[in-house]
Amino acid sequence: MSKHVNAEEEQLRKEIAALSDIERQAFYAAVRRELKDPDTYAVLNWFLICGLHHFYLRRWLRGAVNLVVFVVAVVLIKTGFGVIGGPLLLGILAIELLALFRSQIIVQDANNKIYRRRLQQLHGEPV
C-alpha cells in the first residue's frame, strides 16, 4: 500500500504543479482546512483505543464500530464476562496497534483523497 500511496501523491503533486498560480493558490487555501496531521491521528489512537482516530479522518462507520466494540468489551469485563470481553479488547487493541504503526501512510492516503477530490472539483469533474 505504501508504494501505491507514494506514487499517487507524486502524481497529485504533478497535477497541482500544472495549475496556474491563481488556481494553485485557491487549491491550497481550500485544502489547508481539510488536511489531516499524522501526529494527531497517532495521539488519538495511542491514548484511547475507542475509535477517535477514525472519527478524526471522517471514517464515521469504522469509528462507530470501533467505539461500540470497545464499550461492549469493557462492559463484558466489568460484568464478569472477561472470558469474552478480554479477547475482544485484546483483538481491538491489536488491530489499532497496527493502525498506530501505520499512521503516517494512513493519513497520507486520506490526504491524497482530499487532494484528488479538490482537483476534481477544480476541473468541474463529478466527485
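Above this text you will find the structure in question.
The structure reproduced in this document is the subject of the present report. (Residues numbered from 1 in each chain as written. Predicted model: local features only at pLDDT ≥ 70, side-chain atom pairs only at ≥ 80, totals over all residues. Heavy atoms only, no water.)

## Let's talk about the pattern of salt bridges
Inspection of every chain in the model, using the stated rule, returns 6 salt bridges. For Glu9, the salt bridge identified is with Arg13, shortest N-O distance 2.8 Å. Of this pair, Glu9 and Arg13 both sit in helix α1 (residues 2-17), 4 residues apart, roughly one helical turn. Among the salt bridges present, the one from Asp21 reaches Arg24, with a minimum N-O distance of 3.1 Å. Of this pair, Asp21 and Arg24 both sit in helix α2 (residues 21-32), 3 residues apart, roughly one helical turn. Given the relative accessible area of 57%, Asp21 is considered exposed. For Arg24, a relative accessible area of 25% corresponds to the partly exposed category. Among the charged side chains, a network of salt bridges with common partners joins Glu34, Arg117 and Arg118. (Salt bridge = Lys/Arg side-chain N within 4 Å of Asp/Glu carboxyl O. Helix = DSSP H or I, 4+ residues; strand = E, 2+ residues; numbered from the N terminus. Buried < 20%, exposed > 50% of the residue type's maximum accessible area, 1.4 Å probe, protein only.)

## Details of the packing of aromatic side chains
In total, this model carries 3 aromatic pairs according to the counting rule given. Taking the centre distance of 5.4 Å and the plane angle of 75° together, the rings of Phe27 and Tyr28 count as edge-to-face. Taking the relative accessible area as the measure of exposure, Tyr28 reaches 34% and is therefore partly exposed. Their ring planes at 40° and their centres at 6.0 Å tell us that Phe55 and Trp60 sit as a pair that is tilted. Members of the aromatic cluster, joined through ring pairs, are Phe27, Tyr28 and Tyr115. (Phe/Tyr/Trp six-rings, centres within 6.5 Å; stacked < 30°, edge-to-face > 60°.)

## Description of the nonpolar core
Ranked by size, the top nonpolar core spans 9 residues in total: Val5, Tyr41, Tyr56, Leu57, Ala99, Ile105, Ile106, Val107 and Ala110. It is helix α7 (residues 103-122) that provides the largest number of residues to this core, a total of 4 residues. The contacts of Leu57, once residues within four sequence positions are left out, are Lys36, Tyr41, Ile106, Val107 and Ala110. By size, the runner-up hydrophobic cluster in this structure holds 8 residues, among which are Leu12, Ile16, Val31 and Leu119. (Core = buried A, V, L, I, M, F, W, Y, C linked by side-chain atoms within 4.5 Å. Contact = heavy atoms within 4.5 Å.)

## Topic: unusual backbone geometry
One non-glycine residue, Arg58, adopts positive backbone phi at about 65°. With respect to the helices and strands, Arg58 occurs in the loop between α4 (52-56) and α5 (60-78).

## What to know about the environment of Tyr56
If you trace the backbone, Tyr56 turns up in helix α4. Ignoring anything within four residues of it in the chain, the contact list for Tyr56 reads Lys36, Asp37, Thr40, Tyr41 and Leu44.

## A few points about the packing of α2 against α7
Where α2 contacts α7, the axes come no closer than 10 Å and their chain directions differ by 135°. Taken together, the axes of α2 and α7 are oblique relative to one another. Of the two possible hands of crossing, α2 and α7 adopt the one that is right-handed. Side by side, α2 and α7 meet where Glu23, Phe27, Ala30 and Val31 of the first sit next to Ile114, Tyr115, Arg118, Leu119 and Leu122 of the second. For the contact of α2 with α7, a count of residues per class yields 7 nonpolar, no polar and 2 charged. (Axes fitted to C-alpha atoms, helices over the stretch in contact; angles between N-to-C directions. Parallel < 35°, antiparallel > 145°, perpendicular 65-115°, else oblique. Left-handed = near helix turned anticlockwise from the far one by under 90°. Nonpolar A, V, L, I, M, F, W, Y, C, P; charged D, E, K, R; others polar.)

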